[in-house]
Every structure is written in structure tokens, then in C-alpha cells.
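What follows is the residue order along each chain.
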Amino acid sequence: MNILTALTIGILFAIAMYQMLRRNVIRAAIGLALISNAINLYLFSMGAYNGVEAAYSTAIAQISDPLPQALVLTAIVISAGGFAFVLGLLYVVSTRYKTSDSDEIEGLKH
Amino acid sequence: MRLFAKIRPMIETVLLLPLVLIALGLLIVLPLRRTALTNPQAGWFLSLFPLAAFFSVLYAYNLLPNGKPLFFRLPWLPLLDLHFSLYLDGLSALFALIITGIGTLIILYTGYYFHHTSTAGSHSPADSHLEFRFFAYTLLFMLAMLGLVLAGDLITMFIFWEGTSISSFLLIGYKYKEEAARKGAFKSLFITGGGGIALLAGFLFVIHLTGSADLNAILAGRDVLTTSPLYPVFFTLIAFGAFTKSAQFPAHIWLPEAMSAPTPASAFLHSATMVKAGVYLLARLNPALGGTDLWFWVLSLFGIATMLVGAYLGAKQNDLKPLLAYSTVSQLGVLVALIGQNTEIAFKALVISILAHALYKSALFMAAGIIDHETGTRDLRKLGGLRKQMPILFGVTAIAALSMAGLPPLFGFLAKETLLATATHPTLPPVVNAIFPLTTVLAGALILFQAGILVWGVFLSPPADPKHPAHGHDPRFGFWLAPALPALLSLLIGITPIEPASLANFLAEAAKAVYGAKVKVSLALWTGINVPLILSIVAVSLGLLLFWQRNRLRPALMAFLPNLTVNTLFDGTVQGLDWLAHTATRLQAGRMRVYLRVIVLSAVVLLLLLVGLPPLTLFQNVQWNLMGLNGLRAFSLVVMATAGLATVFLRRDLYAVIALGLVGLAVAIWMALEPAPDVALVQVVVDILTTVILILGLNAIPRKQRARANELLHSRRGMTRDWLVAGLLGLVVAWTTFTALELRPRQSLVSPYYAQNAKPLTGAKDIVGAIVVDFRGSDTLIEIMVFGMAGVALYTLFHFGTRQLEERAAKEPGVKLLLPGTPKGIYALPTSPLLHTLAYVILPLAFMLGATHMMYGHDQPGDGFTAGVIISLAIAMWYIVFGYEDTRRKLPWLNRNHFVAAGLLLALFNALGGLVLGAGFFAPVDYGKLLSLPLPPGFALSSAFVFEVAICLTVIGSASLMIDNLGRPREEENT
């Protein structure tokens, strides 16, 4: 089971990175959203132990590690905010340069 | 409250007073802008602050218990043994009094210096506006300088040391529109800033060796410090810092160029204060670091070299200010050489010279400024014959110049006598015994020569250019008072028939602090016929001889060695750095793809280097148990991978976005199975929100443009390379994830604490929720700030972008904006009445759902964030159903920016409530219990609930800002 999880997270990272490495900035944004998800899963798998029950103080059986959950919760919100801003940038760039090709977006470098 | 309790009202607290007074003056400068005060009025008023500081230092000095220093300490970061501490003994008192005393006069003088009514005709309103910026910089500098000499530990001292570098940069570059000012400011910052870095490194060595930054500990740590094998290293670093600051050869080059500062700054910084900082530092540390051979040789050699170079270069100058600057360089060399000697008499000479120089040099600088101000030039080739026009200034300048020349009966004579007495002291090594007197005599003669040509060239000689004689008249009272006071003081100390015992004692205290043992200081001018007197006569005769031959000597000097090559070296260094920076910048491709490639590859290489290849044993017991929940997990994983791949291979952007949404939902399922219901819930709502705003964003980008970009996505160029890089990253991630998962379960250091304390400390059953809103509340506060800012930033971005477009639309007929009146619905589709009704029903429902989430989220999945997103999604539905304009009209209460602001403020106040009512910032408070309100069971009106509400408000505001801005109708171009 673990190998399947690990492989899937790896595949998600690879896809997201591939999207970001291409010249299409819209797909790069999609890649960004994808990699945020993948990173959250990655964080989860760094948790110390797995649980049978959710992390409530009323739980009887082994609970799942609450710390990565809290961190991921924060991460989800931050990446959503960041992603919205990236979309705004995409729009501004596309109106100013009339393109979604990152190689044609010059003049931001300097 | 607790902070102040730590400061017991002790006598040491008085040390804060001078700093507080100067800071107060600094704070008052800005409001002065709004008053109708003229510059002189402001000068008189503001000079009260340094004057008060002067007396407070005097007061504090009189409190010194039996000559023992006063020490004040305020804990700053006690964990790192960092403190803010102040220290007052004879030496720091001497410097502090010079700084505040001269500072008072400088502030007064500044007011008149910037008052331009005397030059009739050129008077304009711009001339008479208040130079509050200059006053502020000067006071800022004064604060830094005062802090530097009063600092009680090396770290405090370093901070103030850097403060002087920065504030002097501002002062030198005050006339920033002139290139010379900018260059001079840069050079001084570059050199003194570089010295500051070396100084910090040296300080850190010292702190490490003595185990403390405290001056007390360091002054007592001489044995540890001087015997350490690292002594040469930190000595060199500290000496480098001191030498650059005190303009020792060859770092002296910044001082003449710093003369592009307005004269009040030069008079203050480059006579009495800033350049003496290095001298102060060396004197301060002499008991800890001094007395070694290295100390002696380095300080003597650099000091003597500087003394000669300064005296020689000064004799060449035509401009009054550089002339004075070089004589200052020379004098600084003398002071440094004196510190190197480590004999009683040397320190006596040191303290007398410091005071004498501060008095006459500040007077001369201020006089030079007045000459410039009244006649319009400082060039000796244009001046002359001003004796009758400016009698008062002539008197002031003559007295100060006589003191500089070291002639009796002035204080400067006394300084030179003691200096020459040092030169003849028998305890010195034989080489220096010959060199030191010789060079001192030579430098003394050259300085006398300079003082002579200054007074002669400006006041006594016939006008240098008879066709255009310089005109001027004596300035107003306050203007000449400033230089007159120190000049008169130089005279008074010299001629008082009774030896001023209190001053002598004061100077003896200062010298004692440097020497470490008692120093006898007498201020009697006449000590009988002895070697110093004979040397002095030699020096004076030589100087007079030079002055007599001035018309031959000066052209010869100017022809000989036109300029030293140090400046070339400096310029070369700066150019080299520029070149290096430029080359390094060229390596930056400016393309994100290239950076990403480099980042990924280096991360992979680093990981392989640090961790190595994965052990194969890990893969031996791979288990494929897909029964029960594992089956569901496997299903979600397969969906994730498939939908993820689909985001690449689906050609239409809309489908790719939907596939992305699917990935998010599958992730939510996986999280729910973890089991992590809180996270799963947030993941679901955020995933929907993301998809909605992504679709809105996509809609804003023209279809043709997107199609063209998609060609690129699937072009073969670079495809293999990109897949390789991406695949490599995927493999590494998969490997590390697998390792982490296989090693479960392991001991967690922090999680058990949260699990055990969530209920007792916060009253929440939901441990994750407790971590988010209670244990790590500050984290969450920052998190919603980020989310709130994202919305506001988006608004700014669009507001700015569309305003430009609107302007363009007004000018160019080709662009037309689709604003009010366009069809309903963001997509301009006709919407059905059913949808309308649904939207009407859903919004209040969403509010109710949000409210339950917030009220009971502490014991169940759900929190303020989820509530906010749910409500925002209902609002998004309105946008889609009713369109942009109608929604804005129908929901007038939805002021997005106000929501964000209200949410953040509420969160902040709620956290502060914990500080006031509870155990600290963000501490849980149960308001319901506090007010004994009748509340339904399971709901607590606690600070956590208020925080959830705050989060919810922020999220509603920010998310609607996102939807609103991305969903706003766009302009269309008729192409």
C-alpha cells in the first residue's frame, strides 16, 4: 500500500513539475495547484504514525498524527491565497503581453 | 507591565537620560515642519535638547561612585546573553560631553547656516523653508554617536557604530542632487561600512574569548585576550574597523570627499565626533587589548604615517574645508599613535589633545562655513582682506587657528607641549625615540603653516583677485556665537591664572580609563625650560620658516606628487566589484523554467550526496494489501494519478481544470481515510473554490491566445528533457515518501503533548482544531493575513491594471470596455428562474451552515475557514447566476475590503484579549463563562469562537475579492 501511495505522490510531483517546465503559463499555474496538493500529501506521509480514528480527545483507538494535519490545514489555505494571486498575475500578463507563452513575456526580467 | 517591573528605579537609569533627550529632539523635528518657525528659530529651539543632554551627562558624571563606572543594563535577548547596556566613566564622559556640547552649538549654527536672507536678491521662498531633514539627520547622528560612547557592551556599541555610519551617509549625501555629494557619501559608507563588518567579526572573537559582551568583563579579560593565539586576528579586525572610521592612512581618502556635506555636518562629524569614534574605540579597548608589541607597532606606524600624510596633503589645499579635513586626518594620526604608546604621559597627551582638537577644529570648520556663507566661496585663491569687513569672525578664527598652530597662550599649545613630552619619553624603544619626535615636529610645523595660510589667506592678505575682491560682513549673533564659544574656551583654558582643577581632574579620570591606572594631569602652560619646550620652539620656527616661504613652497607642493594613488586603488576595487556583480547577474537566465531545472537538479544532487541511494532492503517487504479501507485508498490514488496525467494531456484548458478539481477531490478522499476529517473538509471546499476562480481566470484570457500556448505545451521541443527532469523529481519524491511511510510508526516529539492537552487547556475535543486556533494561533493569524492580503493584492492588481486599460479605451477607439449594461451572468448566458430561486435560498443556508461550523467546530470537523469558503461559494453562485453588476447591486452589505479589515482586526483584538484577560497573547478566554451567559450546551463563547468568526470574515472578504475581480467583465478588442 505504501508503495502505491509513494508512487502516486511521485507521479503528481512529476506531472506538476513538467507542467511548470513548459512554456504555457496557464498550464504552469495548473501545475502549481497540482504540486500544492502533492506537497500536502507528502507532508501527511511525514506524520509520525498512522491512526485508526480521527484525532479527537474522545478517541478510543489509535488516533492519526494531528500535527501534520494542522500544518497541512494552514498550507491549503496559504496555497489557495497564493494561487488566486497567481491567476491575477496571469491575467495582467496576458493583457499586457497578449500571450501566455512564458518566453514571450520579456521585460519583467530587469 | 512586566517589562517595567524589571527596571528598578536605580541610579544607573540616569544614563538613559541623554539618549532619551536627543531622541526626544529627533521626534520633535517632524512636527516642527508644520510650524512657521524659521531655520534660526528652529536651531535655537532644537539646540536645547543637546544642551539638556550635556547637563544630564554632567549630572550623571557627578554621580559616579568614587570614580567607579556607572553601568546600566536592560535585558534584550537574555537567552542569547544579549543586552542593551550603557556605561559611563571618565573616558565616555569626555566624549559624551564633547558630542553634546559641540552638538548644541552645531544645531544652533545649522539654523543660521541654512538661513539665506543675507545674500540679498537671491532670496526666494524655497531658500527659507525649514531644513527639518538636516536637523533630523544631525540629531540622529548625535544619538548614534552618543550611544556609541555610552555603550556598555560590544553589541550595543556595534549597533550605534553602524548607526553613525548610516546617519553620516545621510548627512554627507545631503545635497543628493550633486554628484560629488553622492560619491562622497558612497565612499564614506563603503569604507566605514566595510570597517564595521571587520569590527563586528573582531568583536565576536572577543566576546567568544571572554564569554561576555559586557565592557566590565572585557576590560578585565586582558590576560585571556592578549595571550590568545587568535589575538593577531581579532586585533587586526578591530584595528581595521577603527582605522577606517578614524580615517587612518590609507583609508583616509573618504574624509576629504566627505567635505561635500553641508558645513555644519563637517564641523560636527569630521572634527569632534564621527572620526573620533575609532580613537574612542581604541582608547576604550586599550586596557583589554593594548600594551602588546603588535598594538604598539601597528598603532604607532599607522598613526605616524597618517599624521605625516595628513599634514602634507593639508598644506597643498586651496579649499578651506579639505585643508581642515587633512589637518584633522593628521591630528587623528597623532591620537592613534598616542594610544599605541601605552605610557602614562601618552594618555595625558591623548585626552588633552582630544579636547583641544575638538574645540579649535569645530570652531574653524564653523568659521569656514560662515566665510563660505557670507562671501560665496571657500577658495583661498579668491579670498583675502576680510579682516576689516568681518572683524568678529577674524578674531574667532585667529584664536582657533592659534590654538591649532599650538602657540601660547592657547589650549592647543598645551596639547602640543604634552604631545612633545610624550615624544621624548625615555621608556620608548630607541627607534621610535628618534622617529616620533622628528615626525611630530615636522607635522607640527606643517600644521602651523596651514593655520597660518588660513588666517593670512582669508583675512590678512590683500584680496587674491583684486578685480573681484570677496565681499562679506560679520554674521548675525547666533551664527558667530557657535564658533566663538569653543574658540574662547581654548583661550580661557590657556590663560586662566589659576589652574582649572576640576577640568584637570576630569581629564585625569578620562586618561585613567584608558591607561587603567592613575594619570596625573596638570594644565599649567609654563613648565620651565625643558626638552618639550625646545622641541616646540623648533617646530614653531620651522613652521614660521615654511610660512615665510609660502609663495615658493605651495606651488612646489602642488607640483610634487599631484595625488596619492590610494583613490585609484579604491576606484579599482569598486569597479571590480561592479564587474563581478554584472558577470554574476549574467548567469541569471531570467526564465523560470531554467531556474526550476537548476533547483530540481541541485536538490536531487544534494539529496544523493547527503543521504545516498535508497537501501534496497526497504523494497523487500513491499506489501500489497488492498482489502477494506486500503481498497478505497488505492482507488483515490489511482484517480489522482489518472486525473493528474489528464491535466497534461487534455488539450482544452477547461477539461484540464476539471481534471485538476478531480485530483483535489481524490486528495480529499485520501485525507478523510487517513483519517483526517478536518483537513478533508477544508480540502473539499478549497478545491471547489480554486476550480471556480480558475475557471473565472481562464475566461479572462482570450481563447486564441490559450490555444496558441497549448501548442507549446505539446510541442516536441525540449519535451524529453522536461520529462526527464520532472521524472527525476518524481522518483526522488516517491523514494523519500516511501521511506517515511515504511518507517511509520515512530515516536513523535510534539504530537502527544497536543493530544493530551487539547481538552484540558483549550476545551476542544478536536485536537487539530485546537492546534490551529489555540496552540498555534499566531500561525493561523498570519495565515489568514496572507489569505486576506491575497485578495486585497488581487484587487490592487486589477484595479491598477484595469485603470490603465480604461485610460487606453478612452484614447484608442479599437478598445472597448464591456462595463455596465451587458447581459446578465458572468458568461452572459440566459439563466433560468429556478437557478435564481436556488441562489436566493442557498446564501442564507450557507450562512447557517457557516455558523454551525464556527459554533461547534471545536468539537467536530469544521472551522471558521470552512465556514468562510462555504459562504463565499454561495456568493460565487450569485455572481454566476445574476452576473457581476446585479450581484454587486443586490448585495450592498458585501464590502469586501471591509470584511478583510474587520476580520483581521477582530482576530488581533481577540488575541490581545487573551493578553489582558488571560495568560498571554492568544491565551484562551471563555467569555461566555466570564459573563455567565446562558448558552446552549456544546457551544462556548470563547476566544476560539471569536477567532473563528474573525477567520470567517476575512475569508469571505478575501474570497469574494478574488471572485469579484476575476469575474469582472473584461474589455474586448476589435481585432
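For the structure itself, look to the data block above.
Anyway, here's the lowdown on the structure attached to this text. All of these numbers come straight from a predicted model, not from anything done at the bench.

Re the overall build of chain B
A count of helical and extended segments in chain B gives 39 helices and four strands. By the compact-globule yardstick of 30 Å for 975 residues, chain B is too spread out, its C-alpha radius of gyration being 38 Å. Projected onto the principal axes, the alpha-carbon positions of chain B cover approximately 110 × 70 × 65 Å. When the 975 residues of chain B are sorted by exposure, 55% land in the buried category. Sequence separation of 24 or more characterises 80% of the internal contacts of chain B that already satisfy a separation of 6 or more. Total accessible area computed for chain B in this model is approximately 42400 Å², and 70% of it derives from carbon and sulfur atoms.

Some details on the overall build of chain A
Counting its secondary structure elements, chain A contains three helices and zero strands. Tracing chain A from N to C terminus, the helices and strands come up as α-α-α. In terms of overall dimensions, chain A has C-alpha extents of about 60 × 25 × 20 Å along its principal axes. Counting only contacts in chain A whose residues sit at least 6 apart along the sequence, the fraction spanning at least 24 positions is 41%. Taken as a whole, chain A presents about 3500 Å² of accessible surface, with 67% of it coming from carbon and sulfur. Across chain A, 6 positive and 6 negative side-chain charges occur, with their mean positions spaced 13 Å apart.

A word on the pairing of strand β2 (residues 82-88) of chain B
Residues and elements named next belong to chain B. In terms of burial, β2 is largely enclosed, as six of its seven residues are buried. For strand β1 (residues 70-77) and β2, the ladder comprises seven bridges, and the chain directions are antiparallel. Each bridged residue has a counterpart across the sheet, and for F72 the counterpart in β2 is L86. Between the antiparallel neighbours β1 and β2 lie four residues, among them D81 with a positive phi of about 60°.

Considering the environment of B:G850
All names here are of chain B. Take G850: it is sitting in helix α35 (residues 833-856). Using a relative accessible area of 0% as the deciding quantity, one classes G850 as buried. A C-alpha to C-alpha distance of 7.3 Å links G850 and T866, two positions 16 residues apart in sequence.

Some remarks on the interface of chain A and chain B
Across the contact, 84 residues belong to chain A and 117 residues belong to chain B. Buried area between chain A and chain B, both sides added, is near 8900 Å², and the carbon and sulfur share of it is 71%. At the junction of chain A and chain B, the tally comes to two salt bridges. Where B:D653 meets A:R27, a salt bridge forms, and the shortest distance between an N and an O atom there is 2.9 Å. Put simply, the parts of the chain that give the side of chain A that touches chain B at least two residues each are α1 (2-21), α2 (25-45) and α3 (66-97) of chain A. No other element matches the 25 residues that α3(A) contributes to the side of chain A that touches chain B. Its residues assigned to classes, the side of chain A that touches chain B shows 48 nonpolar, 24 polar and twelve charged.

Examining helix α17 (residues 344-375) of chain B
Residues and elements named next belong to chain B. The terminal C-alpha atoms of α17 lie 46 Å apart, and with 32 residues this matches the ideal 46 Å at 1.5 Å per residue to within 8%. Summarising burial for α17: 30 of the 32 residues are buried, a large majority. At the C-terminal side of α17, G376 shows a positive phi close to 90°.

Some points on the packing of helix α5 (residues 90-113) of chain B against helix α14 (residues 276-289) of chain B
All names here are of chain B. Direction vectors running N to C along α5 and α14 enclose 170°, while the axes themselves pass 11 Å from each other. The angle between α5 and α14 places the two elements in the roughly antiparallel class. Here α5 contributes L91, S92 and F95 to the contact with α14, which in turn contributes K276, Y280, A283 and R284. Of the residues that constitute the contact of α5 with α14, the class distribution is four nonpolar, one polar and two charged.

Overview of the packing of α5(B) against helix α13 (residues 263-272) of chain B
Residues and elements named next belong to chain B. Interhelical geometry of α5 versus α13 gives an angle of 165° and a closest axis separation of 9 Å. By the angle class used here, α5 and α13 are roughly antiparallel. Of the two elements, α5 crosses α13, and the hand of that crossing is right-handed. Residues I98, I99, I102, G103, I106, Y109, T110 and Y113 of α5 form the contact with α13, whose own contacting residues are T263, P264, A267, F268 and A272. Of the residues contributing to the contact of α5 with α13, the split by class is ten nonpolar, three polar and no charged.

Points about the pattern of salt bridges
Tallied over the entire structure, the rule returns 15 salt bridges over all chains. Linking A:R22 and B:D722 is a salt bridge whose minimum nitrogen-to-oxygen distance equals 2.9 Å. Taken together, the residues A:R22 in the loop between α1 and α2 and B:D722 in helix α31 (residues 719-742) connect one chain to another. Here A:R22 and B:D722 have matching classes, each one buried. Across the pair B:D372 and B:R378 runs a salt bridge, and its minimum N-O distance is 3.4 Å. Bridged by salt links that share partners, the residues A:R22, B:R721 and B:D722 form one connected network.

Some points on the packing of aromatic side chains
Residues and elements named next belong to chain B. Within the structure shown, the criterion is met by 42 aromatic pairs over all chains. Aromatic pair F134 and Y174: ring centres 5.0 Å apart, planes at 80°, arrangement edge-to-face. Remark: Y174 occurs in the loop between α7 (154-172) and α8 (179-210) and F134 occurs in helix α6 (residues 132-150); sequence separation between them is 40 residues. This pair shows no difference in class: F134 is buried, exactly as Y174 is. Ring centres 6.4 Å apart and planes at 70° place the aromatic pair Y856 and F939 in the edge-to-face group. One end of the pair, Y856, is in helix α35; the other, F939, is in the loop between α38 (927-930) and α39 (943-966), and 83 residues separate them in sequence. By relative accessible area, which is 11% here, F939 ends up buried.

Description of helix α33 (residues 767-775) of chain B
All names here are of chain B. Taken across its nine residues, α33 has eight buried, putting it largely inside the fold. Those residues of α33 not exposed but buried are I767, V768, G769, A770, I771, V772, V773 and D774. Regarding α33, its N-cap is D766, as a side-chain oxygen of that residue lies 3.1 Å from the backbone nitrogen of V768 further along.

Cut-offs used in this document
Residues numbered from 1 in each chain as written. Chains lettered and ligands numbered in written order. Predicted model: local features only at pLDDT ≥ 70, side-chain atom pairs only at ≥ 80, totals over all residues. Heavy atoms only, no water. Helix = DSSP H or I, 4+ residues; strand = E, 2+ residues; numbered from the N terminus. Rg over C-alpha atoms; globule rule 2.2 N^0.38 Å. Buried < 20%, exposed > 50% of the residue type's maximum accessible area, 1.4 Å probe, protein only. Contact = heavy atoms within 4.5 Å. Areas by Shrake-Rupley, 256 points an atom, 1.4 Å probe, with all protein chains shown as cover. Lys, Arg positive; Asp, Glu negative; His and termini not counted. Charge placed at Lys NZ, Arg CZ, Asp CG, Glu CD. Pairing = 2+ DSSP bridges. Buried area = accessible area lost by both parts, 1.4 Å probe. Salt bridge = Lys/Arg side-chain N within 4 Å of Asp/Glu carboxyl O. Nonpolar A, V, L, I, M, F, W, Y, C, P; charged D, E, K, R; others polar. Expected span 1.5 Å × (residues − 1). Axes fitted to C-alpha atoms, helices over the stretch in contact; angles between N-to-C directions. Parallel < 35°, antiparallel > 145°, perpendicular 65-115°, else oblique. Left-handed = near helix turned anticlockwise from the far one by under 90°. Phe/Tyr/Trp six-rings, centres within 6.5 Å; stacked < 30°, edge-to-face > 60°. Polar contact = N/O pair within 3.5 Å; in protein donor to acceptor, adjacent residues only side chain to side chain.

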